[in-house]
Amino acid sequence: MSVEVIAVGGYEEIGKNMTAIKIGGDIVIFDMGINLDRLHIHEDTNIEKMHSLDLIERGVIPDDTLMKDVNGKVRAIVFTHGHLDHIGAVAKLAHRYEAPIIATPYTMALIEKTIKGERKFKFKNPLKVLNSGEKCQISQDITLEFVRTTHSIPQAVTPALHTSEGIIVYSNDFKFDNHQTLSLPPDYQRFRELGEKGVLAAIIDTTRAAEHDQVKTHSEKIARIILKDILEEPLKGDNGVIVTTFASHLERIQAICNIADESNRKLLLLGRSMERYCTLAEKLGILELPDNTGVYGGSKAINRALARADENRSEYILVTTGHQGEPDALLPRIANNKTMFNVKPGDYVVISAPVIPSPLNRANRNTMERRLKSSGARIFTNAHVSGHAGREDHREFIRMLNAKHLIPAHGNLEMLTAYTELAEEEGYKLGNNIHILRNGQAQVFNGE
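Keep in mind that this is a model prediction, so the values were computed, not measured. (Residues numbered from 1 in each chain as written. Predicted model: local features only at pLDDT ≥ 70, side-chain atom pairs only at ≥ 80, totals over all residues. Heavy atoms only, no water.)

S.K.: I keep staring at the overall build of the chain and nothing clicks. Help me out?
M.R.: Of regular secondary structure, the chain possesses 13 helices and 19 strands. The C-alpha atoms of the chain give 22 Å as radius of gyration, which agrees with the globular expectation for 448 residues (22 Å, within 12%). By the burial criterion, 60% of the 448 residues in the chain qualify as buried. With an accessible surface of roughly 17,800 Å², the chain has 45% of that area assigned to carbon and sulfur atoms. Across the chain, the centroid of the 54 positively charged side chains sits 5 Å from that of the 58 negatively charged ones. (Helix = DSSP H or I, 4+ residues; strand = E, 2+ residues; numbered from the N terminus. Rg over C-alpha atoms; globule rule 2.2 N^0.38 Å. Buried < 20%, exposed > 50% of the residue type's maximum accessible area, 1.4 Å probe, protein only. Areas by Shrake-Rupley, 256 points an atom, 1.4 Å probe, with all protein chains shown as cover. Lys, Arg positive; Asp, Glu negative; His and termini not counted. Charge placed at Lys NZ, Arg CZ, Asp CG, Glu CD.)

S.K.: How should I be thinking about helix 12 (residues 391–401) in this particular structure?
M.R.: The α-helix advances 3.6 residues per turn, and as a result positions three or four apart in sequence lie on the same side. For helix 12, the tally of buried residues reaches eight of 11 residues, placing the bulk of the element in the interior. Considered for burial, the residues of helix 12 that qualify are R391, D393, H394, R395, F397, I398, M400 and L401. Tucked inside the fold, the buried residues of helix 12 contact strand 10 (166–171), helix 5 (188–197), strand 11 (199–205), strand 18 (405–409) and helix 13 (413–425). A positive phi of about 50 degrees marks N402, the residue just after helix 12. (Contact = heavy atoms within 4.5 Å.)

S.K.: Please clarify how the sheet that holds strand 11 should be interpreted in this entry.
M.R.: Hydrogen bonds along the backbone pair up the strands of a sheet, which may run parallel or antiparallel. Read across the open sheet, the six strands follow the order 7-8-9-10-11-18; overall the sheet is mixed. Bordering the open sheet on either side are strand 7 (135–139) and strand 18, each of which pairs with just one other strand. When the angles between neighbouring strand axes are averaged without regard to direction, this sheet yields 20 degrees. Strands in contact with helix 12 are strand 10, strand 11 and strand 18; relative to strand 11, the strand with the most contacts, it is inclined by about 165 degrees. Its contacts with the sheet place helix 13 against strand 11 and strand 18, and it is angled at close to 150 degrees to strand 18. (Pairing = 2+ DSSP bridges. Axes fitted to C-alpha atoms, helices over the stretch in contact; angles between N-to-C directions.)

S.K.: Would you mind showing me how to read the nonpolar core here?
M.R.: When a protein is soluble and globular, its nonpolar side chains tend to lie buried together. Membership of the largest hydrophobic core comes to 63 residues, with the highest contact counts inside it found for I29, M32 and I77. In terms of residue count, the dominant contributor to this core is helix 7 (residues 250–261) (seven residues). If near-sequence neighbours (up to four positions away) are discounted, I77 is found in contact with I29, M32, A94, Y97, A99, P100, I101, I102 and N125. (Core = buried A, V, L, I, M, F, W, Y, C linked by side-chain atoms within 4.5 Å.)

S.K.: Hey, could you run me through the sheet that holds strand 16 (residues 348–351) in this one?
M.R.: The six strands lie next to each other as 14-13-15-12-16-17, forming an open sheet whose pairing is parallel. Of all strands in the sheet, those with a lone pairing partner are strand 14 (294–296) and strand 17 (378–380), marking the two edges. For this sheet, the mean angle separating the axes of adjacent strands, direction not counted, is 15 degrees. By the bridge criterion, three bridges tie strand 13 (residues 266–270) to strand 14 in an arrangement that is parallel. Bridged to L268 within strand 14 is G294. Each of strand 13, strand 14 and strand 15 (316–320) touches helix 8 (residues 272–283); the most contacted strand, strand 14, lies at about 130 degrees to it. Sitting on the sheet, helix 9 (residues 299–311) touches strand 13, strand 14 and strand 15, and the angle it makes with strand 13 is about 145 degrees.

S.K.: What am I meant to see in the environment of S219 here?
M.R.: Its location among the elements puts S219 in the loop between strand 11 and helix 6 (220–231). Residue S219 is classed as buried on the basis of its relative accessible area of 13%. Each residue touching S219, except ones within four places of it in the same chain, is listed here: K175, D177, H179 and V385. A distance of 3.0 Å separates the side chain of S219 from the backbone nitrogen of K221, its partner in a polar contact. (Polar contact = N/O pair within 3.5 Å; in protein donor to acceptor, adjacent residues only side chain to side chain.)

S.K.: What should I look at first to understand the state of the cysteines in this one?
M.R.: In protein structure, a disulfide is the covalent linkage between the sulfur atoms of two cysteines. Counting across every chain of the model gives zero disulfides. Take C257: it sits in no disulfide, and the sulfur closest to it among the cysteines is that of C278, at 7.1 Å. By relative accessible area, which is 0% here, C278 ends up buried. (Disulfide = S-S within 2.5 Å.)

S.K.: Honestly, the pairing of strand 2 (residues 18–23) in this entry has me stumped. Any pointers?
M.R.: Taken residue by residue, a regular strand's side chains alternate between the two faces of the sheet. The buried count for strand 2 comes to six of six residues, which makes it a mostly enclosed element. Looking at chain direction, strand 1 (residues 3–9) and strand 2 are connected through six bridges and run antiparallel. Opposite I6, over in strand 2, you have A20 as the bridge partner. The pairing of strand 2 with strand 3 (residues 26–30) spans five bridges and is classified as antiparallel. Considered in strand 3, the bridge of T19 is made with F30. Linking two consecutive strands that pair antiparallel, namely strand 2 and strand 3, is a turn of two residues; a positive phi of about 65 degrees is found at G24 within it.

This is the structure we're talking about:
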């Protein structure tokens, strides 16, 4: 029985991740994400009314039309975690397949919210929740297992498909973090057990592979310490305090909540995506918000909250979207004096997120920072650690899995080739047992 890995999306860019695995006549799809760099899309963008074919043409979502030519039956659509570059296209694409959606509880809650907001397509796929450490039967020949890992969002998992031809591991995304507060450490023992059982192929996130320093990605514990150091004194003063980070980064938001709770300030979580991610996480018992927290996603509610904070800036800490400087996101609008909150000299702005590397993001972020500085704000940009594995984490993972074949994914060509170089240091060889794919290409294995 042959095994075919089909690269649908995410093999030429960071985003719109989607991979199909064909085992005999059965197909399992992993992820259906969007490309945040296209159409100025960001965490608060609303694409519910846009058509899938238009989004495909513009490069926003994966071009899954190639699946029409794949001879087989889709048995399941599996999601690794709740980031938009992995679940953002589910409502646009999943309805084409008569297959259940499988995800962890928090990821599933985010998927359900996405589905309910969809305006173009009807969605009838069954929803099946699977926790990390659990297995389910996909077909007679395929068993799905969720292996616990860590990332910058809770309940991230590494799916493993158990087949007669060997195990296929799909690891998009991961980091090895032993000190998160909302998530347990990765299940290193299980990864090693899979390696001993026999991994036929591993599809691996390469987001940080091109950073050639031999590093292990720092734990969120480091980010917590940095944030506390930056915010401790400002929160005792009278100046305004704004923190911006990924709305989905609940580990980081929990750290900010804990710091705010130790001060006399009220917490305001502001932005459409802040409301989406945080309210669901609080409802599921993942995120613990201080009693005096306000969460606002609608424009009118945000403006009212900003007006209160502008009048009594020493009483609040604002946590906003817009860390990339996207012109219509909240923090850039604050910087451009387009909201009810006016930045004043001495206000603090903490950017707890890196610039996502693209020319547009760099330009937008630079413009936003310059405008904030021109208003007299003090800006701190170093309160962050990555959610993706560094090169030494990748090296360790390669040794754990001991896969017969490696397929680098989730990155541009520079990232894919950088991972290839690392894998060759570990004894793999390009074209032999490491395979670089581009969107629309496939790799067939015969269990050898």
